[in-house]
Amino acid sequence: MARSTSGNGRARTARLRRVLGTPAGSSAAVLLGIVALLAIFAPILWSSDASAIDTSSILQGPSARHWVGTNGLGQDVFYQVLVASRLSVGLALAATGIGVACGLLLGTAPLIVGRRAGRFITSVINIAVAFPALLLALFFAIIFGIGAQGALLAIGFASAPAFARLVRTLSASVAGLDYIAAARIAGVSRFRLLTRHVLPNIGETLIVNATMAAGDALLSFAGLSFLGLGVQPPSYDWGQLLNNGLQGIYTRPAAAIAPGVAVVVAGLAFNLFGEALAAGLGVSPQNITAGVLGRLRGALAASAARAAAAEPPPSARTVPADSVLVVSNLEVAFPGGVHPVRGISFAVRRGEAVGVVGESGSGKSLTALAVSRLLERPARVSATEVTLLGRDVLAEAGRGRAAGAMSDRGLRRFLGTKAGLVFQDPMTSFNPVKRVGAQLAEVAAVHHGLSRRQAGARAVDRLRAVRIPRPEHRARQFPHELSGGMRQRAMIGMAVMGEPALVIADEPTTALDVTVQRQVLRLLKSIQADGDMALLFISHDITVVGQVCDRVLVMYAGKIVENLPVGQLTDASHPYTRALLAAVPSMETPRDRPLAVIPGRPADPANLPAGCAFAARCAFASDRCRAEDPPLVADLAGREVACWHVDAVLAGAPTAVAGAEALTADPESAGPAPISGEVA
Amino acid sequence: MMETPQAAAADSVLSRVAPANPGASASPWLRFAARRLGQLLVSALVLITASFLIIHLVPGDPVRAALGLDASQQLVDARRAALGLDNPLWLQYVDYLRNLFAGRFGTSITSGLPVSQVISQRLPFTLELAGYSFIVAVVVAVPLGLVLGVATRGGRRRGTELAFTSVSILLAAIPGFLLAVGLVYLFAVTLHWVPVAGESGFSSYLLPVASMAIGPAVVLARILRLEVIAALRADYVRTARAKRLPAWRIYLLHVLPNALTATLTICGLLLAAMIAGTVLVENVFAWPGLGSEIVASIIAKDYPVVQAIVLVYGTGVLLINLIVDVALALLDPRSTIRES
């Protein structure tokens, strides 16, 4: 450990400073400092006060002279509590030291003594770890006998299995690293490997755990002494003072409370400092595993990490009369001025399949979630209009949002039956602990008021409709028992449990195998065609959109940049659409040339440029593009495009020479896009 | 635990393999049962051996220590013979095992009573205390964790979150027996609402149960809150919301089962720790359970009693671990299949 400290000591000092810089870290350090100072100086300063026998004031309550009263010999309990800090803290530290030392020995033994003996030691450790440390301490206390020495060994040995397991896990993970393997091949001895390579790497985690374990040892010692199995009179630690105090709790409760408070404060100081160390040194939560308390802590840290993960991603015209969904000026904003969706308008007609295509971060999925009212705080959704079958979805939602959930039962039933959703990952989109059939049946039971049996029958019927073989059997299974493709089909079945006028599918095939993708797409298409449903199909894959949809909305940086029928994709007039098409490899794509990609990075929604967001990646970009954002303009045929240079794009001549190489595949030389054949 | 990428990957592989191999659906459970049973047997054997060794590992003559220096040599010899301590060690071990399976735990050195009688008198009180405390902890923690998780999701109500986290850290840091001292002072000594010690009807349960339940309840609520927040962000909750289910249905039927499954292991740890905690809390309240008996027996060096109680505690812990593993396997079948 010393070696590694000297090795990158400066980085470590910096991290330590970071630990102490946080409010939690600094207050824990101050608390621990006070405990340490007391442990060092209290016996020197107040030993005589604590041991002074005053027969004139025996068993008294708190007074100005004796803050927490006196004991049976008239000794001042307050001074005794202060003086006892040395013995209490010292014994706890010593016990932790014993625990760490034994743990290191037992934990590294499997690396040294060979496979068979190592496995035996490991299994013994695993059995011992299953018992709470307090029970182990009690067991060892019986064997080592009553008294401070016996309790010290007992608590030390009781914490050893936990440390051994920690060391074992850590060293096993380190031992698997490449450089250890390299050293082993180079003929470095096992022992040397251990001291030079393994131990320095697990030192930090061990120190963090030892700090917390010291707090636990303090509490355990107080417990044993309190039971009369630890420190024996005339010596005294906090536990022993507590034991004395409890006998007189009626007459002078302060004498019991004071040592109790001391134990809690000191224990808290060690634990909080350990936690601050863990956070500051970046010890991963999985590695906080010493003992039952430690495993609780580890579980807490793991839960916290899980909760912290998956933060939500920061990311006036004529409408056809038969529109199922109408969206006008939809905006999605996140705190901090991020606008991933910036005022988009579109409509989906009855029975129409509309694809929304764009790179990740273009705002297409957020659009789908916003339209289906599934975005929660901190996302803010606004629009001049979002109507489904003529019913204003967003305005009613605005009123209901105060409660944090849909308050309008009617709206909920309307959306639940008229709008179906299919999500990207069928693996995670089903509740893992509920049966598939029950998850489908729920829709019918809640919104149609069907009985359990009727709802179940409808679920089986829908599973059959999405061509799942043996639907009665599958309905009784858990999601993990279905294959990915089958799960996504069940998801589609769930979306059509009601009589949806619109199905929104958010990247429904992205998580699936290529072979399964095609089946699911075909199913989606046939369900949509049979039921005369509208489909809003979100995808990053323009080829897939071409296979399924009638019309394509191309999104870039939160805006619709082009809106055109699938059949006309070959003469798309926006450079971005063309780039997307050119990036699709086809049978004619030359094998000896690198695959075409769209150069540059997608626009950052938090930091959008003035003017056209695509300008930085566009071969046609001019000064005007960089200054003014082109509006979405409709032509006579109803196609819409947002570009200043439509004519130049259609002519295929980049205006800016400097950006000529930006599009790897020239729109003309790319030939007819592969998609055209598949659409037909 | 629930949705790690590795788990999902393993899952997808399994689900694809499963149809091709129909027999595989039954065997993981058998393998799980066999492995878990083997684990239990080995642990039980280690536990029994450890309890057997107690009387042989204590320094000096255990019988002399128990009877005191004043006892006559004949008495000590007679007691030694009665305990079978003069036999060779292996024979003693065999006898110990045979007696255990016959339900004979020997007789107390100090009182002369059969140890099984002592245990059967004391055990119910300890089981009651631990059982009630665990139930109270769960009953308090589950609604608290769920409500707090829902209320503080996505950075809502930062103040509430901070207050709860701070209070829970403090409460969880106070061990049960110290909390017991504080509660006795407050409710028994100052307010006279409940008796200070002993078992005397309903009111005498309040303080022991409270002092054992508060810490675990707070820890459980804290973990549950985080699991609820994690579950609320899961895709399947989005699916449930897409189905436009009422909020209570989403929270109770979709979020809670998943969050609870994730806390099951913690519940086992808390219950095991609680059994150990009874030893201390029973001594605060002079509770007539195993905890006060084992301490008295340790001090009196009444080793047959000590051995038996160690065995009882250890068996309790092993059973809890078994129940948790089985429950986890039933509630989250993926974990079973994954391990075997």
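Structure: see above.
Residues numbered from 1 in each chain as written. Chains lettered and ligands numbered in written order. Predicted model: local features only at pLDDT ≥ 70, side-chain atom pairs only at ≥ 80, totals over all residues. Heavy atoms only, no water.

What follows concerns helix 7 (residues 158–173) of chain B. The first and last C-alpha atoms of helix 7 of chain B sit 23 Å apart over 16 residues, in line with the 22 Å expected at 1.5 Å per residue. Taken together, the buried positions of helix 7 of chain B are Phe 164, Ser 168 and Ala 173 of chain B. What you see down the axis of helix 7 of chain B is that its buried residues fit within an arc of 150°, all on one side. Contacts from the buried residues of helix 7 of chain B go to helix 9 (190–227) and helix 11 (254–281) of chain A together with helix 6 (115–151) and helix 9 (202–232) of chain B. (Helix = DSSP H or I, 4+ residues; strand = E, 2+ residues; numbered from the N terminus. Expected span 1.5 Å × (residues − 1). Buried < 20%, exposed > 50% of the residue type's maximum accessible area, 1.4 Å probe, protein only. Arc of directions from axis to C-beta. Contact = heavy atoms within 4.5 Å.)

Next up on the list: the pairing of strand 7 (residues 419–422) of chain A. Residues and elements named next belong to chain A. The two faces of strand 7 match: Ala 419 and Leu 421 on one face and Gly 420 and Val 422 on the other face are all buried. Pairing of strand 7 with strand 8 (residues 502–506), which is carried by 4 bridges, proceeds in the parallel orientation. Within the sheet, the bridge partner assigned to Val 422 lies in strand 8 and is Ala 505. (Pairing = 2+ DSSP bridges.)

All names here are of chain A. With the rule as written, the count across this model stands at 15 aromatic pairs over all chains. A ring pair is formed by Tyr 556 and Phe 614, whose centres lie 5.0 Å apart and whose planes are at 80°; its orientation type is edge-to-face. Of the two residues, Tyr 556 sits in strand 10 (residues 551–556) while Phe 614 sits in the loop between helix 23 (575–582) and helix 24 (623–627), which places them 58 residues apart along the sequence. Taken together through their ring pairs, the aromatic side chains of Phe 139, Phe 140, Phe 144 and Phe 157 make up a single cluster. The ring centre of Phe 414 lies 4.8 Å from the NZ or CZ of Arg 391, which sits over that ring. (Phe/Tyr/Trp six-rings, centres within 6.5 Å; stacked < 30°, edge-to-face > 60°. Lys NZ or Arg CZ within 6 Å of the ring centre and 35° of its normal.)

On to the sheet that holds strand 3 (residues 353–357) of chain A, then. Residue and element names in this part refer to chain A. An order of 7-8-9-3-10-11-13-12 is seen for the 8 strands of this open sheet, with the pairing classed as mixed. Because the sheet does not close on itself, it has two edges, and the strands there are strand 7 and strand 12 (633–634). Here strand 3 runs beside strand 9 (residues 534–539); their pairing, made up of 5 bridges, is parallel. Residue pairing for strand 9: Val 357 is matched across the bridge by Ser 539.

In this section: a nonpolar patch on the surface. Residues and elements named next belong to chain A. A cluster of nonpolar side chains, contributed by Leu 37, Ile 40, Phe 41, Ile 44 and Leu 45, occupies part of the molecular surface with about 510 Å² of accessible area. Note on placement: Phe 41 falls in helix 3 (residues 23–51). Phe 41 sits in the partly exposed class, given a relative accessible area of 42%. (Patch = residues over 30% accessible without salt bridge, like charges linked within 9 Å, V, L, I, M, F, W, Y side chains within 5 Å. Areas by Shrake-Rupley, 256 points an atom, 1.4 Å probe, with all protein chains shown as cover. Salt bridge = Lys/Arg side-chain N within 4 Å of Asp/Glu carboxyl O.)

Across the contact, 88 residues belong to chain B and 80 residues belong to chain A. Counting the surface lost from both chain B and chain A, the interface buries some 7400 Å², and carbon and sulfur atoms represent 71% of this. Among the residues chain B hides against chain A, the three largest losses belong to Arg 233, Lys 243 and Arg 244 of chain B. Together they make up 11% of the total. For the pair chain B and chain A, the number of links is 4 salt bridges. Its salt-bridge partner being Arg 241 of chain B, residue Glu 376 of chain A comes within 4.0 Å of it at the nearest N-O pair. The leading source of residues in the side of chain B that touches chain A is helix 11 (residues 247–284) of chain B, at 19 residues. Looking at the side of chain B that touches chain A residue by residue, the classes come out as 58 nonpolar, 15 polar and 15 charged. (Buried area = accessible area lost by both parts, 1.4 Å probe. Nonpolar A, V, L, I, M, F, W, Y, C, P; charged D, E, K, R; others polar.)

The next point concerns the environment of Val 261 of chain A. All names here are of chain A. Positionally, Val 261 belongs in helix 11. Val 261 gets classed as partly exposed once you look at its relative accessible area, which sits at 44%. For the pair Val 261 and Leu 242, spaced 19 residues apart in sequence, the C-alpha separation works out to 10.0 Å.

On to the nonpolar core, then. Trp 238 of chain A together with Ile 294 of chain B are the most contacted members of the largest nonpolar core, which has 128 residues in total. Here this core gets 15 residues from one element, more than from any other, and that element is helix 11 of chain A. Those residues in contact with Ile 294 of chain B that lie beyond four places of it in its chain are Leu 138 of chain A together with Val 279, Val 306, Ile 309, Val 310 and Tyr 313 of chain B. Listed in part, the 114 residues of the second largest apolar core include Val 356, Leu 512, Ala 579 and Ala 619 of chain A. (Core = buried A, V, L, I, M, F, W, Y, C linked by side-chain atoms within 4.5 Å.)

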